[in-house]
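Each chain, letter by letter, is given below.
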Amino acid sequence: MPRYEYRCRECGTGFELSRPMAEANAPADCPEGHGDTVKLLSTVAVGGAAAAPAAPAGGGCCGGGCCG
Ligand SMILES: [Zn+2]
C-alpha cells in the first residue's frame, strides 16, 4: 500500500499515512486531530524543491562482511 505524506496547516505537523491510491486525496486528519491538512508530493521534485542527493553511509561496517 503506498504511503503518502501530509502536513497539517493548523499545527504544522508532518505525518505519513498508508492508504489505497483511491483514497490518496481523501481528507486526512493530523495526529493532533486537526482536519486542515494538505497532501505533499513525496518522491517527485517539483519546481525548486530539489531533493538532496543521498550521501553514502560511512563507517567501517561493509569491510567486515556484516552487510551481506
Ligand atoms: Zn494538526
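Here, the structure is the one placed above.
The following refers to the structure shown.

1. Things to note about the overall build of the chain
Link 1 in the chain: Counting its regular elements, the chain contains zero helices and three strands.
Link 2 in the chain: Starting at the N terminus and walking to the C terminus, you meet the elements of the chain as β-β-β.
Link 3 in the chain: The buried share of the chain, taken over its 68 residues, is 13%.
Link 4 in the chain: The long-range fraction of contacts in the chain, counting pairs at least 24 apart against all pairs at least 6 apart in sequence, stands at 27%.
Link 5 in the chain: Total accessible area computed for the chain in this model is approximately 5200 Å², and 54% of it derives from carbon and sulfur atoms.

2. A few points about the nonpolar core
Link 1 in the chain: By size, the foremost hydrophobic cluster in this structure holds seven residues: Tyr4, Tyr6, Cys8, Phe15, Ala24, Ala28 and Cys30.
Link 2 in the chain: Looking at this core, the element that brings in the most residues is strand β1 (residues 3-8), giving three residues.
Link 3 in the chain: Setting aside residues up to four positions removed in sequence, tyrosine 4 forms contacts with Phe15, Glu16, Leu17, Arg19, Pro20, Met21, Ala24 and Lys39.

3. A word on the packing of aromatic side chains
Link 1 in the chain: Scanning the model with the defined rule gives one aromatic pair in all.
Link 2 in the chain: Between tyrosine 6 and phenylalanine 15, the aromatic rings sit 5.7 Å apart at their centres with planes inclined by 20 degrees, giving stacked as the arrangement.
Link 3 in the chain: Overall, the relative accessible area of 9% leaves phenylalanine 15 in the buried class.

4. Considering the coordination of the zinc ion
Link 1 in the chain: Coordination sphere of the zinc ion, protein contribution only: Cys8 (SG), Cys11 (SG), Cys30 (SG) and His34 (ND1), at 2.0 to 2.3 Å.
Link 2 in the chain: Around the zinc ion sit four donor atoms; with metal-centred angles ranging over 104 to 112 degrees, the donor geometry is tetrahedral.
Link 3 in the chain: In primary sequence terms, the donor set of the zinc ion follows C-x2-C-x18-C-x3-H.

5. Digging into the sheet that holds strand β3 (residues 37-40)
Link 1 in the chain: Judged by pairing direction, the sheet is antiparallel, and its three strands sit side by side in the order β2-β1-β3 without closing on themselves. Of all strands in the sheet, those with a lone pairing partner are β2 (14-18) and β3, marking the two edges. Taken pair by pair, the neighbouring strands of this sheet meet at an average axis angle of 35 degrees, ignoring direction.
Link 2 in the chain: In this structure, β1 lies alongside β2, joined through five bridges in antiparallel fashion. Residue pairing for β2: glutamate 5 is matched across the bridge by glutamate 16.

The rules behind each value
Residues numbered from 1 in each chain as written. Predicted model: local features only at pLDDT ≥ 70, side-chain atom pairs only at ≥ 80, totals over all residues. Heavy atoms only, no water. Helix = DSSP H or I, 4+ residues; strand = E, 2+ residues; numbered from the N terminus. Buried < 20%, exposed > 50% of the residue type's maximum accessible area, 1.4 Å probe, protein only. Contact = heavy atoms within 4.5 Å. Areas by Shrake-Rupley, 256 points an atom, 1.4 Å probe, with all protein chains shown as cover. Core = buried A, V, L, I, M, F, W, Y, C linked by side-chain atoms within 4.5 Å. Phe/Tyr/Trp six-rings, centres within 6.5 Å; stacked < 30°, edge-to-face > 60°. Donors = N, O, S within 2.8 Å, 3.2 Å for Na, K, Ca; no water. Tetrahedral: all angles 85-135°; square planar, octahedral: opposite > 155°, others 65-115°. Pairing = 2+ DSSP bridges. Axes fitted to C-alpha atoms, helices over the stretch in contact; angles between N-to-C directions.

Function-wise, these values are silent; they only describe arrangement.
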